[in-house]
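# Geometric and topological summary
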Amino acid sequence: MIDHTKIPNELREKLGIGDDKVYGVMGEFDDPHELVHAGRKIREMGYTKLDAMSPFPVHGIDDAIGIPYSKLGWIVICIGLCGTATALGLIYYCGAINDKFVIGGKPLFDVTFSIPVTFELTVLFSSFAAVIGMLVLNGLPRLYHPALNYRNAHRATDDRFLLVIEADDPKFHPQESAEHLRSVGAETVEVVEG
């Protein structure tokens, strides 16, 4: 647990830390199938701000708790095409505009001679877009997360599966949400403060 009293008030407010802040309700499950089933049931009850934590990827949990498809693929494709355009533009400028050298009767610009450089810049731009886009979309690096205040949070990386109903949910009420998690089979349920 983090000692909240040693953190300055301004930083506590920005991070959403404090005794008056509630992050959500967390419930613990033994089995990944129970987690998916519970996620579906909780979503059917009308909750929309859900999260799941597990030691390995659980098939079907994204659909069960309503996580939309990632936008990262579209970001990578768009930035990769920018890399392709940059490479072709640079090769065209260097060969056909700036230095007009005819070597061995070759044309000043030809796409077939540009393929290696174009491929390399496309891959370079795509890889940077994938890494930077992943970090931005996931909100990383994150120095603090309120889920770590859950007493068994360390078990989510070992042998337990956690389902979270976040306090941002319009239907959230600490006691009722905790009872709903218990009703779908959560073993240990706890209201977690920010």
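The structure we're discussing is the one just above.
First things first, this report covers the structure right here in the doc. (Residues numbered from 1 in each chain as written. Predicted model: local features only at pLDDT ≥ 70, side-chain atom pairs only at ≥ 80, totals over all residues. Heavy atoms only, no water.)

A few words now on the sheet that holds strand β4 (residues 189–193). One open sheet accounts for four strands, arranged β2-β3-β1-β4; its pairing is antiparallel. Each of the sheet's edge strands pairs with one partner strand only, and the pair in question is β2 (50–53) and β4. The mean inter-strand angle of the sheet, taken between neighbouring strand axes irrespective of direction, is 25°. Taken together, the six bridges between strand β1 (residues 22–29) and strand β3 (residues 161–166) define a ladder with antiparallel strand orientation. Bridge pairing links valine 25 to isoleucine 165 in β3. Running at roughly 15° to β3, helix α2 (residues 32–44) makes contact with β1, β2 and β3 of the sheet. (Pairing = 2+ DSSP bridges. Helix = DSSP H or I, 4+ residues; strand = E, 2+ residues; numbered from the N terminus. Axes fitted to C-alpha atoms, helices over the stretch in contact; angles between N-to-C directions. Contact = heavy atoms within 4.5 Å.)

The subject of this paragraph is the pairing of β3. Among the six residues that make up β3, six are buried, leaving the element largely enclosed by the rest of the structure. Across the two faces of β3 the burial is the same, with Phe161, Leu163 and Ile165 and Leu162, Val164 and Glu166 all buried. Of the pairings in the sheet, the one linking β2 to β3 comprises four bridges and is antiparallel in character. Counterpart to leucine 50 in the pairing with β3 is isoleucine 165. (Buried < 20%, exposed > 50% of the residue type's maximum accessible area, 1.4 Å probe, protein only.)

Let's shift gears to the packing of aromatic side chains. Throughout the structure, instances matching the rule amount to two aromatic pairs. When the ring of phenylalanine 56 is compared with that of phenylalanine 161, the centres are 5.4 Å apart and the planes differ by 80°; the resulting orientation is edge-to-face. Pair noted here: phenylalanine 56 is in the loop between β2 and α3 (61–65) and phenylalanine 161 is in strand β3, with a separation of 105 residues, a long-range link. Taking 5.3 Å as the distance between ring centres and 80° as the angle between the ring planes, the aromatic pair formed by tyrosine 92 and phenylalanine 109 counts as edge-to-face. Pair noted here: tyrosine 92 is in helix α4 (residues 72–98) and phenylalanine 109 is in the loop between α4 and α5 (111–138), with a separation of 17 residues, a long-range link. Since its relative accessible area comes to 40%, tyrosine 92 is described here as partly exposed. The cationic tip of lysine 106 hangs over the ring face of phenylalanine 113; the distance from NZ or CZ to the ring centre is 5.2 Å. (Phe/Tyr/Trp six-rings, centres within 6.5 Å; stacked < 30°, edge-to-face > 60°. Lys NZ or Arg CZ within 6 Å of the ring centre and 35° of its normal.)

Here we come to a nonpolar patch on the surface. Nonpolar side chains collect at one region of the surface, where Leu124, Phe128, Val131, Ile132, Met134, Leu135, Val136 and Leu140 lie side by side and expose about 700 Å² of accessible area between them. Relative to the helices and strands, leucine 140 is located in the loop between α5 and β3. (Patch = residues over 30% accessible without salt bridge, like charges linked within 9 Å, V, L, I, M, F, W, Y side chains within 5 Å. Areas by Shrake-Rupley, 256 points an atom, 1.4 Å probe, with all protein chains shown as cover. Salt bridge = Lys/Arg side-chain N within 4 Å of Asp/Glu carboxyl O.)

With that out of the way, let us pick up the nonpolar core. Core analysis: the biggest nonpolar cluster contains 21 residues, and Phe29, Leu35, Ile42, Ile61, Leu163, Ile165 and Leu181 have the highest contact counts within it. Contributions of two or more residues to this core are made by β1, α2, α3, β3 and α6 (174–183). Here this core gets four residues from one element, more than from any other, and that element is α2. Beyond its immediate sequence surroundings of up to four residues, leucine 181 is in contact with Val25, Met26, Gly27, Ile42, Leu163, Ile165, Ala186 and Val189. Listed in part, the 10 residues of the second largest apolar core include Tyr150, Ala156, Leu162 and Val192. (Core = buried A, V, L, I, M, F, W, Y, C linked by side-chain atoms within 4.5 Å.)

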